[in-house]
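# Architecture at a glance
Here are the chains, one letter per residue:
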Amino acid sequence: MKIICAKDYEHASKIAANMIAAQVIMKPDSVLGLATGSTPLGAYEQLIEWHQKGYLNFSKIRTINLDEYRGLCPENEQSYHFYMKEHFLGHINITNEQTYIPDGTEPDADKACADYDAIIDTCGGIDLQILGLGHNGHIGFNEPEAFFSKGTHCVKLAESTIRANARFFASINDVPKEAYTMGIKSIMQAKKIMIMVSGEAKKDIVRQAFFGTITPQVPASVLQLHRDVVLVGDEAALAECPIERDKELWNR
Ligand code: GLP
């Protein structure tokens, strides 16, 4: 695992955007696995700026998002469909047909999940998977469990996740209780993974996930087993990690 210690959120976002841009430039028909949450916003903003300046062409890129709330339609402002359009996909040269997000409006969970796995297969897997980290160690919406999940599945969101994500909703009661998420196996099959972390509130879970025991109780800990993973974090989020503070790039 490579760990990149940026000085702050802005710096981390620039580094992450550079890595995504390099992927798009080196393999213009890449399949990008995309994440939501507040952490990737700075990187998306930078990519949009580079695209608008003519430096990045997304015309052959396909994107596969990690997850969607069950029951939310794409027009709902809290849906991940809406988030992606608003913060990234709506500002670059990519068509709707090239972008995939689980269908939160499909009431049949088995169908929604099987359809999404078929899409991932048809795309030939993911070249670069971008991840954020939940406060309880979740990736996508893979919550702490007794085992690592495989394919796309319907999850019951943990209370702590509902509380953490309530900030995006009018009230905590509006936060959906379930979501469709890509599974750990699909994430681990990505050729490369970049996970982004930011802020002091994540420092304990970051240490547990990347320097602790590999356990499904901390889903992100499985990333320690992936052969091409980069953790990009700011100093605050990496504060509890046993790395040298004055070194920007750390190999583990
Ligand atoms: C949500 C998303 C995750 C994301 C996590 C962290 O639960 N499903 O994909 O990584 O939030 O979000 P943030 O970056 O806002 O801390």
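Quick summary incoming for the structure in this document. All values reported here derive from a predicted model rather than from experimental measurement. (Residues numbered from 1 in each chain as written. Predicted model: local features only at pLDDT ≥ 70, side-chain atom pairs only at ≥ 80, totals over all residues. Heavy atoms only, no water.)

## Things to note about the side chain of S79
Among the structural elements, S79 can be located in the loop between β4 (67-69) and α3 (80-87). Given a relative accessible area of 0%, S79 falls into the buried group. At 2.8 Å, the side chain of S79 and the backbone oxygen of N76 are in polar contact. Leaving out residues up to four positions away in the same chain, S79 has contacts with E68, L72, C73 and P74. (Helix = DSSP H or I, 4+ residues; strand = E, 2+ residues; numbered from the N terminus. Buried < 20%, exposed > 50% of the residue type's maximum accessible area, 1.4 Å probe, protein only. Polar contact = N/O pair within 3.5 Å; in protein donor to acceptor, adjacent residues only side chain to side chain. Contact = heavy atoms within 4.5 Å.)

## A look at the layout of surface pockets
Approximately 630 Å³ is the volume attributed to the largest pocket. For the lining of the largest pocket, the secondary-structure elements that each account for two or more residues are β4, α3 and α5 (159-165). Examining the composition of the lining of the largest pocket, we find that 5 residues originate from one element, α3, more than from any other. Put simply, the second largest pocket is a space of about 340 Å³. As for the second largest pocket, its lining consists of 14 residues, and the residues nearest its centre are H81, K85, N96, T99 and I101. Contributions of two or more residues to the lining of the second largest pocket are made by α3 and β5 (99-100). Considering every element that reaches the lining of the second largest pocket, the biggest residue donor is α3, with 4 residues. For the lining of the second largest pocket, the residue count by class is 7 nonpolar, 5 polar and 2 charged. (1 Å grid on protein atoms, 1.4 Å probe; cavity = no way out; pocket = protein on both sides within 12 Å on 5 of 7 lines; lining within 4 Å. Points joined across faces, edges and corners; volume = space filled by probe spheres on them. Nonpolar A, V, L, I, M, F, W, Y, C, P; charged D, E, K, R; others polar.)

## Structural notes on the sheet that holds strand β1 (residues 2-6)
Strand order in the open sheet made by the 8 strands is β5-β3-β2-β6-β9-β10-β1-β11, with mixed pairing throughout. In this open sheet, the two strands that pair with only one neighbour each are β5 and β11 (249-251). Where strand β2 (residues 31-34) lies against strand β3 (residues 62-65), 4 bridges are found, and the strand directions are parallel. Opposite L34, over in β3, you have N65 as the bridge partner. Across the sheet, helix α1 (residues 9-26) touches β1, β2, β6 (128-131), β9 (192-197) and β10 (229-234), and the angle it forms with β10 is around 155 degrees. (Pairing = 2+ DSSP bridges. Axes fitted to C-alpha atoms, helices over the stretch in contact; angles between N-to-C directions.)

## As for the sheet that holds strand β8 (residues 178-181)
Taken in spatial order, the 3 strands of this open sheet run β4-β8-β7, and their pairing is antiparallel. Unpaired on one side and paired on the other, β4 and β7 (153-156) mark the two borders of the sheet. Each neighbouring strand pair of the sheet contributes to a mean axis angle of 25 degrees, computed without reference to strand direction. Pairing between β7 and β8: 4 bridges, direction antiparallel. Bridging from a neighbouring strand, C154 pairs with Y180 of β8.

## Side note on the site of the ligand
Close contacts around the ligand come from 13 residues, with S38, T39, D67, R167 and K202 the closest. At 2.6 Å from an oxygen atom of the ligand is found a side-chain nitrogen or oxygen belonging to S38. Within the side chain of H138, an N or O atom sits 2.9 Å from an oxygen atom of the ligand. Calculation on the ligand without its partners gives an accessible area of 400 Å², and the protein chains cover 96% of this total. According to the grid-proximity analysis, the pocket containing the ligand is the largest pocket. Partitioned by chemical class, the residues of the shell around the ligand number 3 nonpolar, 7 polar and 3 charged. (Near = heavy atom within 4 Å. Areas by Shrake-Rupley, 256 points an atom, 1.4 Å probe, with all protein chains shown as cover. Sits in = over half its atoms within 2 Å of the grid points.)

## Section: the pairing of β9
For β9, a buried count of 5 out of 6 residues is recorded, marking the element as mostly surrounded by other parts of the structure. Looking at chain direction, β6 and β9 are connected through 4 bridges and run parallel. For I130, the partnering residue across the bridge sits in β9 and is M194. Looking at chain direction, β9 and β10 are connected through 5 bridges and run parallel. Pairing of M196 across the sheet is with V232, part of β10.

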